[in-house]
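# What the coordinates show
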Amino acid sequence: MKTAIFSCLLLFAGIVCAAAEPLNVYCTTFPLYLLTRNLTQGCRNVHTELIIPPGTGCPHDYALTPRDMRKLGAKNMVLVRNGLGLDDFILKPLRKMNPGAKIIDTSAGIPALELEEKCGHDDCHEHHHGSKNPHLFASPFEAVRIVENIARGLEAADPANAAAYRANAGVYREKLRKLCGEFTAAARKYRFSERKIVTQHGVFDYLAHHLKLPVAATISGEPEAGTTATEMASLVKKLKGAGISVIYTEPQYPSRVARTIGRECGIPLAELDPVANGPADAPMDYYEKTMRKNLEVLGKTLNQ
């Protein structure tokens, strides 16, 4: 009798332990990690982590380290990914190490802008994302829809916390929508549609699209791309006297080419941060704070 009771207790304990197994939510990029944390905060038994180092930026063809690979083997895993070619490097290793992992495609259902290999002229460099622009995260307008996709994926993967994910998503969506409203108001106030700007590797194309802010040219920001003297001369010729308001650089990439073009064409430079990377201890509102700083820069540089 005692043996039977003890066996039942062991069985019950095993069931409890199995039910208590944490959900491991891993994000492929820093901005997705920022957004996902806002949805998983306060959810019981949920571990949220970034796979690659937070300072990596747009990972492109990032090579996973042994430490990164170990994360892919986590039990009860959900992968939150970009879905537009930015993080395809992770799919093959994941299928090998953790074929049962659930995957949330954060770009699902979001209209993607085309990302041309050549940015409409001969002075830009090839990109390696594919035909679709993967930089949805650099626009709070797209971030709202990304959050909705993540929330739905988490609810499906973890029904026990579905109500919490839904509630968190509702609160966070309102914060992001308020941010979008601030951008829209600034675009009207400063007549963004009458300005022309130059950016690096198409990272702000989605934001510019929503603000009706014309992007006259795109400079490659990738260190390995380089820029020849002929390409530089061609771009200077194109932009000189073209009424460009400002060239926007990013903290994630070198600004040497942009500085040279700005000096040759008499175009001022300013920096916008797409939140492609950041500190490991970033606060929960890091995305919104960074975007508001970008909004301040846009207002100052386009208020002409």
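Here's what I pulled together on the structure shown here. (Residues numbered from 1 in each chain as written. Predicted model: local features only at pLDDT ≥ 70, side-chain atom pairs only at ≥ 80, totals over all residues. Heavy atoms only, no water.)

### Here's the deal with the overall build of the protein
Tallying secondary structure elements over the protein gives 10 helices and 8 strands in all. Within the protein, contacts between residues separated by at least 24 positions form 66% of all contacts whose residues are at least 6 apart in sequence. (Helix = DSSP H or I, 4+ residues; strand = E, 2+ residues; numbered from the N terminus. Contact = heavy atoms within 4.5 Å.)

### Observations regarding helix α8 (residues 229-239)
For α8, the full list of buried residues reads Glu-231, Met-232, Leu-235, Val-236 and Leu-239. Buried residues of α8 fall within an arc of 135° about the axis and therefore sit on the same side. Within α8, the exposed residues directed more than 90 degrees away from the buried face are Ala-229, Thr-230 and Lys-237. Structurally, α8 contributes buried residues whose contacts are with β5 (197-200), β6 (215-219) and α9 (256-265). Positive phi appears at Gly-241, one or two residues downstream of α8, with a value of about 75°. (Buried < 20%, exposed > 50% of the residue type's maximum accessible area, 1.4 Å probe, protein only. Arc of directions from axis to C-beta.)

### Thoughts on the packing of α8 against α9
For the pair α8 and α9, interaxial distance at closest approach is 10 Å and the crossing angle is 45°. One finds that α8 runs oblique with respect to α9. Between α8 and α9 lies a crossing of right-handed hand. Residues Met-232, Leu-235, Val-236 and Leu-239 of α8 form the contact with α9, whose own contacting residues are Val-257, Thr-260, Ile-261, Glu-264 and Cys-265. Tallied by class, residues from the contact of α8 with α9 come to 7 nonpolar, 1 polar and 1 charged. (Axes fitted to C-alpha atoms, helices over the stretch in contact; angles between N-to-C directions. Parallel < 35°, antiparallel > 145°, perpendicular 65-115°, else oblique. Left-handed = near helix turned anticlockwise from the far one by under 90°. Nonpolar A, V, L, I, M, F, W, Y, C, P; charged D, E, K, R; others polar.)

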